[in-house]
Amino acid sequence: MELSSTKAIKVKPGEKGAALADIEKESLNGSGSVLVKTDYTGICGTDVGIVSGKLTFTYPPKGKSDLVLGHEALGTVEEVGSNVKGLEPGDYVIPMVRRPGGCLQCRTGRQDLCEDADFVEAGIRGKDGFMSEYFIDESRYLIKVPDKSLSRIAVLTEPLKNIVKVYRIYRHSNTGALEHCSDGSFECRNVLVTGFGPIGILFAMIFRTHGFMVTATNGHTDPVRESIAKKTGIELLMDEKRDGSVFTGKKFNAIIDTTGVPSVVINGIKSLNHNGSMMLFGTSSGTATALDADIITMLVEKNCTVFGSVDGFKQDYIMALRYISMWKEMYPGVLESMITSETTPEHALNSLSSKQHGDIKHIINWK
Ligand SMILES: [Zn+2]
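Participant: Please explain the coordination of the zinc ion as it appears in this structure.
Facilitator: For a metal bound by four donors in tetrahedral geometry, the ideal donor-metal-donor angle is 109.5 degrees, whereas six donors in octahedral geometry ideally sit at 90 or 180 degrees. Only Cys103 (SG), Cys106 (SG), Cys114 (SG) and Asp118 (OD) from the protein reach the zinc ion as donors, at distances of 2.3 to 2.4 Å. For the zinc ion, the four donor atoms are set out with angles of 85 to 136° between them, so the coordination reads as irregular. Counting residues between consecutive donors of the zinc ion along the chain gives the motif C-x2-C-x7-C-x3-D. For Cys106, a relative accessible area of 4% corresponds to the buried category.

Written out as structure tokens, the structure reads:
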């Protein structure tokens, strides 16, 4: 393939703004590499944070001053190296975000559990991302989409793999207390999800799919969120003060926080039932809330677990695609409705500089 140029959305990490620029279109650089034509990229809070210049942990690849943005992507294989097995031109693929460093976890496919922060992440730290017309990747970091009819909703695989990991940890980390109800179902178990953005919606859906009774809270509502909650059987509460006061006094067996707001997290911990789990996925900065002795005592006396989680490994991406296939049948139109807007690369810079009110998932169409 001849060298030519390709369009990409670039940022200078640490500086405000992004630009659509021409970059050199690479050709296959090894027998295990794959040329992928980008179909869709998702925009998430991390992307908006990088473009705002305020995110502190982002940095460009070694020897470069700028970074191609984007870590949520769906693409089509255009060309494969001679040693690539299991992928051929025309296949849909999802690229993995985090790439291993040298620690034990990284060397064994578990860079999501990296022990010394020596990994890089496409579009975030130390590696160019996927907001470009084409990208080259090694086949081992590409997840084949087994069901081509998923089309653009498969762009939700990357955010969903984080949720698949948390659900897996939750089910494996119980105290030994019976999780199920007297009839063997999970219908007597109440789960709270704080925040009903794309991540909160996917968390609520995975627990609901397994039969838990799910309540979600959000700072505002709109017809799309209400429709998703109704179709999936999730109770949606307005947390107008955005401090968790809406669920004070209720008790939950499991709580997932996607807000990262300390007051919401503390109110959540106080709402844990016996043998309860508090799962932290959201992050924020700037605000402080004191941890008091009563909360520590409560966590001890009630056998409660609190854990945080980030990223996911290859199996979590694969399982995320299985859930998307299942949900397409189980909840027709729900995943499609989460994609509330779609733009061209030329118009994406607006969406990257501010989140529109009521937007759930915004994607860029590169086709
Ligand atoms: Zn590592």
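There's plenty left to go through after this.
Participant: Before we go on, may I ask you to explain the state of the cysteines in this structure?
Facilitator: As used in these notes, a disulfide is a covalent bond between sulfur atoms, one from each of two cysteines. For the coordinates displayed, the defined rule picks out one disulfide. The disulfide partner of Cys181 is Cys188, and the gap between their sulfur atoms is 2.2 Å. When the S-S torsion is -105°, as for the bridge of Cys181 with Cys188, the disulfide is left-handed. For Cys181, a relative accessible area of 8% translates into the label buried.

Participant: Looking at this model, I keep getting lost on the nonpolar core. Mind explaining?
Facilitator: Soluble globular proteins: nonpolar side chains tend toward being buried together. Core analysis: the largest hydrophobic core is formed by 69 residues, its most contacted members being Leu160, Phe196, Phe203, Phe207, Trp327 and Leu335. A per-element tally of this core places helix α4 (residues 198-209) first, with eight residues. When residues of this core are assigned to domains, at least three map to each of domain 1 (4-156 + 336-365) and domain 2 (176-302). What Trp327 contacts, discounting residues up to four positions off in sequence, is Leu160, Leu202, Met205, Ile206, Thr209, Pro332 and Leu335. Grouped together as the second largest cluster of nonpolar side chains are 14 residues, Leu192, Phe252, Ile295 and Cys304 included.

Participant: How do you make sense of the pairing of strand β6 (residues 92-95) when you look at a structure like this?
Facilitator: Look at any regular strand and the pattern is simple: side chains alternate between the two faces of the sheet. The pairing of strand β5 (residues 72-80) with β6 spans two bridges and is classified as antiparallel. Within β6, the residue paired with Thr76 across the bridge is Tyr92. For β6 and strand β11 (residues 142-144), the ladder comprises three bridges, and the chain directions are antiparallel. Directly across from Pro95, in β11, lies its bridge partner Leu142.

Participant: What exactly am I supposed to notice about a nonpolar patch on the surface here?
Facilitator: A surface patch of nonpolar side chains, amounting to about 300 Å² of accessible area, comprises Leu291, Ile296 and Val300. Ile296 gets classed as partly exposed once you look at its relative accessible area, which sits at 44%.

Participant: How should I be thinking about the side chain of His362 in this particular structure?
Facilitator: Structurally, the position occupied by His362 is in strand β19 (residues 361-365). You can call His362 buried: its relative accessible area is 9%. Within the structure, His362 has its side chain in polar contact with the side chain of Ser351 (distance 3.0 Å). What His362 contacts, discounting residues up to four positions off in sequence, is Thr41, Gly42, Ile43, Ser341, Thr343 and Ser351.

Participant: I tried to follow helix α5 (residues 223-232) on my own but got confused; where do I start?
Facilitator: For α5, every residue scored as buried is listed here: Arg225, Ile228, Ala229 and Thr232. Down the axis of α5, the buried side of the element spans an arc of 95°, and every buried residue falls inside it. Away from the buried face of α5 by more than 90 degrees, exposed residues Pro223 and Lys230 are located. Against the buried residues of α5 lie α4, β13 (213-218), β14 (235-238) and α9 (334-338).

Participant: In this structure, what is going on with the sheet that holds strand β7 (residues 98-99)? I would like to understand it.
Facilitator: Strands in a sheet are paired, the pairing made by backbone hydrogen bonds, and the direction either parallel or antiparallel. With mixed pairing, three strands are arranged side by side in an open sheet as β7-β8-β9. With partners counted over all chains shown, the strands left at the sheet margins are β7 and β9 (126-127), one partner each. Sheet topology places β7 next to strand β8 (residues 120-122); two bridges connect them, and they run antiparallel. Counted as the bridge partner of Arg99 is Val120 from β8.

Participant: Is there a simple way to explain the sheet that holds strand β4 (residues 67-68) in this structure?
Facilitator: Read from one edge of the open sheet, three strands run β2-β1-β4, paired in antiparallel fashion. Edge positions in the sheet fall to β2 (19-25) and β4, since each of these pairs with one other strand and no more.

Rules used in this analysis
The residue numbering used here restarts from 1 in each chain and proceeds along that chain's sequence as written. pLDDT decides what is reported in this predicted model: residues at 70 or higher carry local features, side-chain atom pairs at 80 or more are listed and counted, and totals for whole chains, interfaces and linings draw on all residues regardless. Hydrogens and water molecules were not included; the side-chain quantities draw on all heavy atoms of the structure. Because no water is among the atoms considered, metal sites can look incomplete, with donors defined as N, O and S atoms within 2.8 Å of the metal, or 3.2 Å for Na, K and Ca. By the criteria applied here, four donors are tetrahedral when all angles lie between 85 and 135 degrees, four are square planar and six octahedral when opposite donors are over 155 degrees apart and every other angle lies between 65 and 115, and any other arrangement is irregular. Each residue is placed in one exposure class: buried if its accessible area under a 1.4 Å probe, protein chains only, is under 20% of its type's maximum, exposed if it is over 50%, and partly exposed if it falls in between. Cysteine sulfur atoms that come within 2.5 Å of each other are treated as a disulfide pair. In plain words, nonpolar cores are sets of buried Ala, Val, Leu, Ile, Met, Phe, Trp, Tyr and Cys residues tied together by side-chain atoms within 4.5 Å. A run of DSSP states H or I qualifies as a helix once it reaches four residues; a run of E qualifies as a strand once it reaches two. Both are numbered from the N-terminal end. Domain start and stop points were drawn from an automatic or database domain assignment. Here a residue-residue contact requires only that any non-hydrogen atoms of the pair lie within 4.5 Å. For two strands to be treated as a pair, DSSP must find at least two bridges joining them. Patches here: salt-bridge-free residues with over 30% relative accessible area, like charges joined within 9 Å, nonpolar side chains (Val, Leu, Ile, Met, Phe, Trp, Tyr) joined within 5 Å. Accessibility throughout is a Shrake-Rupley quantity obtained with a 1.4 Å probe, and a residue counts as covered only by protein chains that appear here. A pair is scored as a salt bridge if a Lys or Arg side-chain nitrogen falls within 4 Å of a carboxyl oxygen belonging to Asp or Glu. Two N or O atoms count as a polar contact when they lie within 3.5 Å, although within protein this holds only if one can serve as hydrogen donor and the other as acceptor, and sequence-adjacent residues are included solely when both atoms are side-chain atoms. It is the directions from the helix axis to the C-beta atoms whose arc is reported.

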